[in-house]
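A closer look at the structure
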Amino acid sequence: MSFTSLGLSAPILKAVAEQGYDTPSPIQAQAIPAVLEGKDVMAAAQTGTGKTAGFTLPLLELLSRGTKAQAGQVRALVLTPTRELAAQVAESVATYGKNLPLRSAVVFGGVPINPQLAKLRHGVDVLVATPGRLMDLYNQKAVKFNQLEILVLDEADRMLDMGFIRDIRKILAVLPKERQNLMFSATFSDEIRQLAKGLVNNPVEISVTPRNAAATTVKQWICPVDKGQKSALLIKLIKDNDWQQVLVFSRTKHGANRLAKNLEEAGIKAAAIHGNKSQTARTKALADFKSGAVRVMVATDIAARGLDIDQLPQVVNFDLPNVPEDYVHRIGRTGRAGASGQAVSLVSAEEIKLLNDIERLINRLLDREQVEGFTPVHPLPESRLTQGGKASHGRRNANAGHRDGQRSGDVARGHKPNDKNPRHQRSAQGDKDAAKPARAPRANGDGRRQNDSQPQGKAAAPHAQGPKPTGERRSHSGGNRSRNPQG
DNA sequence: AAAAAAG
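Calculation rules
- Residues numbered from 1 in each chain as written.
- Chains lettered and ligands numbered in written order.
- Predicted model: local features only at pLDDT ≥ 70, side-chain atom pairs only at ≥ 80, totals over all residues.
- Heavy atoms only, no water.
- Helix = DSSP H or I, 4+ residues; strand = E, 2+ residues; numbered from the N terminus.
- Buried < 20%, exposed > 50% of the residue type's maximum accessible area, 1.4 Å probe, protein only.
- Contact = heavy atoms within 4.5 Å.
- Areas by Shrake-Rupley, 256 points an atom, 1.4 Å probe, with all protein chains shown as cover.
- UniProt positions renumbered as here; feature names shortened; annotations may be inferred.
- Pairing = 2+ DSSP bridges.
- Axes fitted to C-alpha atoms, helices over the stretch in contact; angles between N-to-C directions.
- Parallel < 35°, antiparallel > 145°, perpendicular 65-115°, else oblique.
- Left-handed = near helix turned anticlockwise from the far one by under 90°.
- Core = buried A, V, L, I, M, F, W, Y, C linked by side-chain atoms within 4.5 Å.
- Domains from an automatic or database assignment.
- Buried area = accessible area lost by both parts, 1.4 Å probe.
- Salt bridge = Lys/Arg side-chain N within 4 Å of Asp/Glu carboxyl O.
- Polar contact = N/O pair within 3.5 Å; in protein donor to acceptor, adjacent residues only side chain to side chain.
- Nonpolar A, V, L, I, M, F, W, Y, C, P; charged D, E, K, R; others polar.

Across its full length, chain A holds 15 helices and 14 strands. For chain A, with 487 residues in total, the buried portion stands at 60%. Partitioning the contacts of chain A with sequence separation of at least 6, the portion at a separation of at least 24 is 79%. Per element, the accessible surface of chain A, about 18,600 Å² overall, is 50% carbon and sulfur.

Below, the structure written as structure tokens:
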């Protein structure tokens, strides 16, 4: 299977080839023809499966066949839950559309609106947006949808989690009824199906990603540690293992700031990224992290989904996520493209319940590796997969229908890209969402991308030794429900 | 309980 057989035209194929891709990922192979046929699509896929290119390519193809956008009009609208994701998708659109006479733009909050107004004035063929700023622009009559042909809802489940449902419905209400709809979501929860009901018509359903896909390529383990020792442990891990690019997840914004400061004090370049930071600071933190100017990026779950950092080798959960599904999304930031990746979680006794929830979700117990000198005074209780009485408090219900089946087996990365041979067999799925090459694509004929220079293999890091548990506990109120039942 | 997103 190659991209050339999917019905895409030369300008697009050329752009794809210049990125070094020749083999469509499973989701691309299914989504591209369906979209080109004008069908609605509902796909369960996470970032890293080639999802972004899966809709970007056919969307550009369809738009290239039609009439260009008139003043103030938008022909295709892509909605994403975070600003960073919007920027990333927009980059993908620009990359794959570079040989086409189409205009694209990205709009989101936190940055001046005037440049966005100017860009929209002439009309754009593709607009990537976060909901809030889009509504703002629409209310200012800076954007019109009379000419809208295609709507893409990316990370739809995240949108619901984040309470965007109302905005989404408002936006849907002002779009032409006649249009093509593409909806992407990590899972098909009940809420998502509910939303889909009023959105997609007789959709082609695609499901390529097992929720725990990353499990196949990411080495995961946990380090039991006392809460107060986490910073020191993290510093030791980074220094001892010489980790050069580490994405660290913190549960809170404040915690992220504090940790970044601790790391800096320990001589480790670090930056925090979260929703309370200015957009300027967020953009800079991400850019510095990608470029290597900063060694550690401490993030809240703003970065849990979708963020695409090429060849990211190491993810650390400084705190476990409150929602077990987010664990899967977090570690999905590494181990992409068949490259090796590692994800370590620093777990204190009070997090045992969260750990249990995660282990049940991924249906496996994580290896524990005690780091010398960090044996917790409060031992981390044994965890177990079974028992615990249904372990869930409703939160899991949303995914119930999705849970069975899928083990970590083959799936997502079905194409087993050979990480030693990026030039052949490179499937767009591999790198992140295929889509965006963060730095200028090199297109030097051999089909490699600039940062192929990054070490992929990193001899499985040496991690700790000799464990030693202890105990304590604390309860985490169960009811974890962040989804709005129907809007 | 926390996170993001309009300002």
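On to the side chain of Arg282. Relative to the elements of secondary structure, Arg282 occurs in helix α12 (residues 279–291). A residue is classified by how much of its surface remains accessible, and Arg282, at 5% relative accessible area, is buried. In contact with Arg282, not counting residues within four places along its chain, are Arg83, Glu84, Ile273, His274, Gly275, Lys277 and Ile302.

Further remarks concern the UniProt feature "short sequence motif: Q motif" (unreviewed entry) in chain A. As recorded in UniProt, the sites labelled "short sequence motif: Q motif" (unreviewed entry) are residues 1–29. The straight-line gap between the two end C-alpha atoms of residues 1–29 is 8 Å; of that span, 45% is helix and 0% is strand.

Pairing is parallel across the open sheet formed by seven strands, whose spatial order is β10-β11-β9-β12-β13-β8-β14. Looking at strand neighbours, the two that pair on one side only are β10 (270–273) and β14 (367–368), the edges of this open sheet. Bridge analysis of strand β9 (residues 246–249) against strand β12 (residues 314–317) gives four bridges, and the strand direction is parallel. Of the residues in β12, the one forming a bridge with Val248 is Val316.

What follows concerns the packing of helix α3 (residues 51–65) against helix α4 (residues 83–96). At a closest axis distance of 10 Å, the pairing of α3 and α4 adopts a crossing angle of 45°. Taken together, the axis directions place α3 and α4 in an arrangement best described as oblique. As for how α3 packs across α4, the hand of that crossing is right-handed. Where α3 approaches α4, its residues Thr52, Ala53, Phe55, Thr56, Leu57 and Leu60 are matched on the opposing element by Val89, Ser92, Val93 and Tyr96.

Here strand β5 (residues 150–153) shows no split at all, with Ile150 and Val152 on one side and Leu151 and Leu153 on the other all buried. When strand β2 (residues 74–79) meets β5, the two strands line up parallel, connected through four bridges. What sits directly across from Leu77, in β5, is Leu151. Taken together, the four bridges between β5 and strand β6 (residues 180–185) define a ladder with parallel strand orientation. Residue pairing for β6: Leu153 is matched across the bridge by Met183.

To continue, consider the pairing of β12. The alternating pattern of β12 places Gln314 and Val316 and Val315 and Asn317 on opposite faces, both of which are buried. One ladder, built from four bridges, connects β12 with strand β13 (residues 341–347); its direction is parallel. Paired with Val316 across the bridge in β13 is Val344.

In a soluble, globular protein the nonpolar side chains are often hidden away together inside. With 42 residues, the main nonpolar core has Phe3 and Leu57 as its most contacted residues. Examining the composition of this core, we find that seven residues originate from one element, α3, more than from any other. With sequence-adjacent residues up to four places away left out, Leu57 is seen in contact with Phe3, Leu8, Ile12, Val16, Ile32 and Tyr96. By size, the runner-up hydrophobic cluster in this structure holds 38 residues, among which are Met42, Leu79, Phe164 and Leu172.

As a further point, take the domain arrangement of chain A. Taken domain by domain, chain A comprises domain 1 (3–207) and domain 2 (213–386). Measuring from the centre of the C-alpha atoms in domain 1 to the corresponding centre in domain 2 gives 30 Å. Taken as a group, Glu84, Gln88 and Arg158 account for 43% of the area that domain 1 buries against domain 2, more than any other trio of residues on that side. The tally of links between domain 1 and domain 2 comes to five salt bridges. Counting every contact that joins domain 1 to domain 2 gives seven residue pairs in polar contact (both at pLDDT 80 or more). Taken together, the elements giving at least two residues each to the side of domain 1 that touches domain 2 come down to α4 and α7 (156–161). Considering each element in turn, the side of domain 1 that touches domain 2 owes the most residues, four residues, to α4. A breakdown of the residues in the side of domain 1 that touches domain 2 according to their chemical character gives four nonpolar, seven polar and six charged.

Moving on to the pattern of salt bridges. Counted under the stated rule, the structure contains 24 salt bridges. A salt bridge links Arg295 to Asp242, with the shortest nitrogen-to-oxygen separation between them at 3.8 Å. Of this pair, Arg295 sits in the loop between α12 and β11 (296–299) while Asp242 sits in the loop between α10 (230–241) and β9, and the two are 53 residues apart along the sequence. Look at Asp242 and you get partly exposed, because its relative accessible area is 44%.

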